[in-house]
Amino acid sequence: MDASLLVIIVVVTALVFDFTNGFHDTANSMATSIATGALRPRTAVAFSAVLNLVGALLSVEVAKTISGGLVDDARITPAIVFGGLIGAIMWNLVTWYVGLPSSSSHALFGGLIGATWIAAGADAVHFAKVVDKIVAPAIAAPLVAGIVAMLATYLTYRLTKRARKSVTDKGFKAGQIASAALMSLAHGTNDAQKTMGIITLTLITAGTLAPGAEPPLWVILSAAIAIALGTYLGGWRITKTLGTGLTTIEAPQGFAAQTSAATVIMASSHLGFALSTTHVASGGIMGSGLGRQRDGVRWGVAGRMAAAWGLTLPAAGLVGALAGWIASLGTWGVVVVAVVGMGVSLAIWLLSRREPVRPEHVVDEIAAQAETHKVAL
Amino acid sequence: MKIDWLALGAVFAVSLAVVLGLVLLFSGGLRALSAREAAQERQASTALPTAAAAACLLACVTVVLFGIYLIVAG
């Protein structure tokens, strides 16, 4: 197949992935603000879209982590990247449909690593870098966000106990809007970067860019716009579901949890750690549950969530490996992967339209965590 | 296999300091606003609590903007 045509296909696929990421993750940053009535749904979603766009333009550290050194760019081809990407999208769509908590970021890394491993050999994957920039932050960041949110929540409740209710009601709503804004910004600094990294990597493997190059401006802009559009359109689903009062987090708690998660994500983005914003947000919410009440987290739910998180990277790796192997066999392989990919996407889209939006489609693990707070009350 | 513990530690330390600082300032601001309401009801001067609230909340905004500046400046 013509190399430049393949590059165009990969770029478009990566942007679609970015779009679904925004679509999927609006809930993380805006769910609590909508649920506590701090923001009207439509305003919240538009606001979040704009901030995602700005966040995506702020930093390219995470993009550089992905394009520069996770895998040996001299030994892989755009076809392998394509296979990895399709693997990630498949895994994402299936887990989204069945309501399994998953991370689009880890699906992407898993797909890329799996495809490279099978198609170019295990030593084409730089495992040391994978551990340093992905696995270690994946474990550490949610814990850090949890601990910080726990202390922040405790301190917030403690310090404002004697403040007037009229003031705290209004104050925490405003604080929540501000912290939700930070969360959207943080989402852009980490999640949009992953698409930029993938596109840059493809351009490097196709020889269009030199190895180690930074993402070009058009890549940064198109990834930023794709995630912002996804965020805006994804909001419509949330508007429908949140009307029923899914999230039961109190405003001060939401404020503390979101501020903690956003700070951890932005500090990590700055150092080029590619993390799952969903994991960090959940860590923050769990921590704030503990900070409010010592038995504020249901450990069974938390354990199952952690298990599902651990599964994402290897599972998406397997799917990515299969897709990458087929795609690297030649033009017909790429066509087969593309057709299967589109078929599965179409099937899931049709299935999801046939039944009403379920909570687990929209706020997956956040919803699971919110339930525990209802119990803790 | 080398894990950059220093960088992970830095994320932890910076996040803890920034978030607790923001919580302190924000809660301080709310306390000052409460005092302002109380002063209004007693028909006493609201100058001091107003100034304290403004200082706390402005400091919050400054911390956030400085953080974003650090990221953009690279």
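Please refer to the structure higher up on the page.
Here's what I pulled together on the structure shown here. The structure displayed is predicted, hence computed values, not measured ones. (Residues numbered from 1 in each chain as written. Chains lettered and ligands numbered in written order. Predicted model: local features only at pLDDT ≥ 70, side-chain atom pairs only at ≥ 80, totals over all residues. Heavy atoms only, no water.)

## Topic: the overall build of chain A
Reasoning step 1: A count of helical and extended segments in chain A gives 14 helices and zero strands.
Reasoning step 2: Along its sequence from the N terminus, chain A presents helices and strands in the succession α-α-α-α-α-α-α-α-α-α-α-α-α-α.
Reasoning step 3: Contacts in chain A between residues far apart in sequence, at least 24 positions, make up 86% of those at least 6 positions apart.
Reasoning step 4: Carbon together with sulfur atoms contributes 70% to the accessible area of chain A, which is approximately 13,900 Å² in total. (Helix = DSSP H or I, 4+ residues; strand = E, 2+ residues; numbered from the N terminus. Contact = heavy atoms within 4.5 Å. Areas by Shrake-Rupley, 256 points an atom, 1.4 Å probe, with all protein chains shown as cover.)

## Remarks on the overall build of chain B
Reasoning step 1: Scanning chain B from terminus to terminus reveals two helices and zero strands.
Reasoning step 2: By the burial criterion, 27% of the 74 residues in chain B qualify as buried.
Reasoning step 3: For chain B, the exposed surface amounts to about 4,400 Å²; the carbon and sulfur share of it is 73%. (Buried < 20%, exposed > 50% of the residue type's maximum accessible area, 1.4 Å probe, protein only.)

## With respect to helix H9 (residues 251-270) of chain A
Reasoning step 1: In this model H9(A) runs 28 Å from its N-terminal to its C-terminal C-alpha over 20 residues, within 8% of the 28 Å that 1.5 Å per residue would give.
Reasoning step 2: Of all 20 residues that make up H9(A), 19 are buried, and the element is covered over most of its length. (Expected span 1.5 Å × (residues − 1).)

## Side note on the side chain of Thr231(A)
Residue and element names in this part refer to chain A.
Reasoning step 1: In this fold, threonine 231 is placed in helix H8 (residues 217-242).
Reasoning step 2: Assessed through its relative accessible area of 0%, threonine 231 is described here as buried.
Reasoning step 3: A distance of 3.4 Å separates the side chain of threonine 231 from the side chain of asparagine 52, its partner in a polar contact.
Reasoning step 4: Within the structure, the side chain of threonine 231 is placed 2.7 Å from the backbone oxygen of isoleucine 227, a separation counted as a polar contact. (Polar contact = N/O pair within 3.5 Å; in protein donor to acceptor, adjacent residues only side chain to side chain.)

## A short note on the packing of aromatic side chains
Reasoning step 1: In this structure the tally under the stated criterion is five aromatic pairs over all chains.
Reasoning step 2: Among the aromatic residues, those joined into a cluster by ring pairs are Phe172(A), Phe255(A) and Phe26(B). (Phe/Tyr/Trp six-rings, centres within 6.5 Å; stacked < 30°, edge-to-face > 60°.)

## Considering the state of the cysteines
Residue and element names in this part refer to chain B.
Reasoning step 1: The full count for this structure, using the stated rule, is zero disulfides over all chains.
Reasoning step 2: In this model cysteine 56 remains outside any disulfide bridge; the closest cysteine sulfur is found in cysteine 60, 7.5 Å from its own.
Reasoning step 3: By relative accessible area, cysteine 60 is classed as buried at 10%. (Disulfide = S-S within 2.5 Å.)

## Here we look at the environment of Leu8(B)
Reasoning step 1: Relative to the elements of secondary structure, Leu8(B) occurs in helix H1 (residues 5-41).
Reasoning step 2: Not counting residues within four places of it along the chain, the set of residues in contact with Leu8(B) comprises Ala136(A), Pro137(A), Ala140(A), Phe273(A) and Ile3(B).

## Things to note about the interface of chain B and chain A
Reasoning step 1: Taken residue by residue, the interface counts 31 residues in chain B and 40 residues in chain A.
Reasoning step 2: Across the chain B to chain A interface the summed buried area is about 3,100 Å²; carbon plus sulfur atoms make up 80%.
Reasoning step 3: If you look at where chain B meets chain A, you find two salt bridges.
Reasoning step 4: Linking chain B to chain A there are six residue pairs in polar contact (both at pLDDT 80 or more).
Reasoning step 5: For the side of chain B that touches chain A, the element with the most residues is H1(B), which contributes 21 residues.
Reasoning step 6: Its residues assigned to classes, the side of chain B that touches chain A comprises 22 nonpolar, four polar and five charged. (Buried area = accessible area lost by both parts, 1.4 Å probe. Salt bridge = Lys/Arg side-chain N within 4 Å of Asp/Glu carboxyl O. Nonpolar A, V, L, I, M, F, W, Y, C, P; charged D, E, K, R; others polar.)

## A word on helix H2 (residues 47-73) of chain B
Reasoning step 1: Here H2(B) contains 27 residues, and its C-alpha end-to-end distance of 38 Å stays within 8% of the 39 Å for a straight helix at 1.5 Å per residue.
Reasoning step 2: Burial in H2(B) covers these residues: Pro49(B), Ala53(B), Cys56(B), Cys60(B), Ile68(B) and Ile71(B).
Reasoning step 3: Next to the buried residues of H2(B) lie helix H2 (41-58), helix H7 (165-205) and H9 of chain A together with H1 of chain B.

## Observations concerning the nonpolar core
Reasoning step 1: In this structure, Ile76(A), Leu85(A), Met196(A), Ile198(A) and Ile199(A) are the most contacted members of the largest nonpolar core, which totals 58 residues.
Reasoning step 2: A total of 12 residues in this core trace back to one element, the largest contributor, which is helix H4 (residues 78-98) of chain A.
Reasoning step 3: Ignoring anything within four residues of it in the chain, the contact list for Met196(A) reads Ala56(A), Val60(A), Ala63(A), Pro215(A), Val219(A), Ile220(A) and Ala223(A).
Reasoning step 4: In terms of nonpolar packing, the next biggest core, distinct from the first, is built from 39 residues, Val167(A), Val264(A), Leu275(A) and Ile71(B) among them. (Core = buried A, V, L, I, M, F, W, Y, C linked by side-chain atoms within 4.5 Å.)

## A word on the side chain of Thr263(A)
Reasoning step 1: Take Thr263(A): it is sitting in helix H9.
Reasoning step 2: Within polar-contact distance, the side chain of Thr263(A) engages the backbone oxygen of Thr259(A) at 2.6 Å.
Reasoning step 3: Among all residues touching Thr263(A), those that are not within four sequence positions of it are Ser15(B), Val18(B) and Val19(B).

## Points about the pattern of salt bridges
Residue and element names in this part refer to chain A.
Reasoning step 1: Across all of its chains, the model carries seven salt bridges over all chains by this definition.
Reasoning step 2: One salt bridge in this structure joins lysine 165 and aspartate 169, with 3.0 Å as the shortest N-O distance. Remark: aspartate 169 and lysine 165 occur in helix H7; sequence separation between them is four residues, near one turn of the helix.
Reasoning step 3: Here aspartate 169 falls in the partly exposed class, since its relative accessible area comes to 40%.
Reasoning step 4: The network of salt bridges with common partners includes Glu61, Lys64 and Glu214.

## Considerations on unusual backbone geometry
Residue and element names in this part refer to chain B.
Reasoning step 1: Of note in this structure, glutamine 43 is not a glycine but carries a positive phi near 55 degrees.
Reasoning step 2: Assignment of secondary structure puts glutamine 43 in the loop between H1 and H2.
Reasoning step 3: Among the residues examined, glutamine 43 registers a relative accessible area of 72% and is labelled exposed.

## Some points on the packing of H7(A) against H9(A)
Residue and element names in this part refer to chain A.
Reasoning step 1: It is at 8 Å that the axes of H7 and H9 come closest, and there the two elements cross at 25 degrees. Relative to H9, the element H7 is oriented roughly parallel. Helix-helix and strand crossings are classified by hand; for H7 and H9 the assignment is left-handed. The residues of H9 that touch H7, namely those facing Phe172, Gly175, Gln176, Ser179, Ala180, Leu182, Met183, Leu185, Ala186, Thr189 and Asn190, are Ala251, Pro252, Gly254, Phe255, Gln258, Thr259, Ala261, Ala262, Ile265, Met266 and Ser269. (Axes fitted to C-alpha atoms, helices over the stretch in contact; angles between N-to-C directions. Parallel < 35°, antiparallel > 145°, perpendicular 65-115°, else oblique. Left-handed = near helix turned anticlockwise from the far one by under 90°.)

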